[in-house]
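Structural overview for review
Chain by chain, the residues run as shown.
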Amino acid sequence: QVQLVESGGGLVQAGDSLRLSCAASGRTFSSYATGWFRQAPGKEREFVAAISSSGAYTRYADSVQGRFTISRDNAKNTVYLQLNSLKPEDTAVYYCAADANIVALFTTPHYWGQGTQVTVSS
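The paragraphs below set out a description of the structure included in this document. Bear in mind that the values here come from a model prediction, so they are computed numbers and not experimental data.

Residues L4, W36, V48, F68, I70, L81 and Y94 are the most contacted members of the largest nonpolar core, which totals 36 residues. Leave out the neighbours within four places in its chain, and I70 touches T34, G35, W36, A49, A50, I51, T58, Y60, V79, Y80 and L81.

Rendered as structure tokens:
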């Protein structure tokens, strides 16, 4: 069983940066692939970034490639998402997700956090 708690969201201006954190419970978190998804008002939830259990593999959505960076610290059971050069279109609720199977992570992750709001003003 894994519980995920996101933090770090807020209201920023375009061009600013934020760092989101996803703190996980469970001694086996280091064996889970983890990802970030987001959902803007009136839109479907979309994939943002993912990282393998070891941290050796990462993947990003085209819309955030080069601006966002996902990382993890397994000793702290935490995954991070660094958001740079934020744009108004990045405004959304950002969710952390985890799954023991990295393929499943991209489609139907088993575990979800409650989300953290990111709002970017122009």
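Now for the pairing of strand β5 (residues 46–51). For β5, a buried count of five out of six residues is recorded, marking the element as mostly surrounded by other parts of the structure. In this structure, strand β4 (residues 33–39) lies alongside β5, joined through five bridges in antiparallel fashion. What sits directly across from F37, in β5, is F47. Here β4 folds back onto β5 in antiparallel fashion, the turn holding six residues, of which G42 has a positive phi close to 80°. Where β5 meets strand β6 (residues 58–60), three bridges bridge the pair, whose relative direction is antiparallel. Bridge pairing links A49 to Y60 in β6. Hairpin connection of β5 to β6: six residues between the antiparallel strands, including G55 at a positive phi of 90°.

Let us now look at the state of the cysteines. Under the criterion given, the structure shown has one disulfide. A sulfur-sulfur separation of 2.1 Å characterises the disulfide bridge that pairs C22 with C96. Taking the sign of the torsion about the S-S bond as the criterion, the disulfide between C22 and C96, at about -80°, is left-handed. You can see C22 sitting in strand β3 (residues 18–24) and its partner C96 sitting in strand β9 (residues 92–99), a full 74 residues away along the chain.

The phi dihedral of N77 is positive, around 50°, even though this residue is not glycine. Turning to its location among the elements, N77 is positioned in the loop between β7 (68–73) and β8 (78–83). With a phi angle near 50°, S85 is a residue other than glycine that sits in the positive phi range. Its place among the elements puts S85 in the loop between β8 and β9.

Parameters and conventions
Residues numbered from 1 in each chain as written. Predicted model: local features only at pLDDT ≥ 70, side-chain atom pairs only at ≥ 80, totals over all residues. Heavy atoms only, no water. Core = buried A, V, L, I, M, F, W, Y, C linked by side-chain atoms within 4.5 Å. Buried < 20%, exposed > 50% of the residue type's maximum accessible area, 1.4 Å probe, protein only. Contact = heavy atoms within 4.5 Å. Helix = DSSP H or I, 4+ residues; strand = E, 2+ residues; numbered from the N terminus. Pairing = 2+ DSSP bridges. Disulfide = S-S within 2.5 Å.

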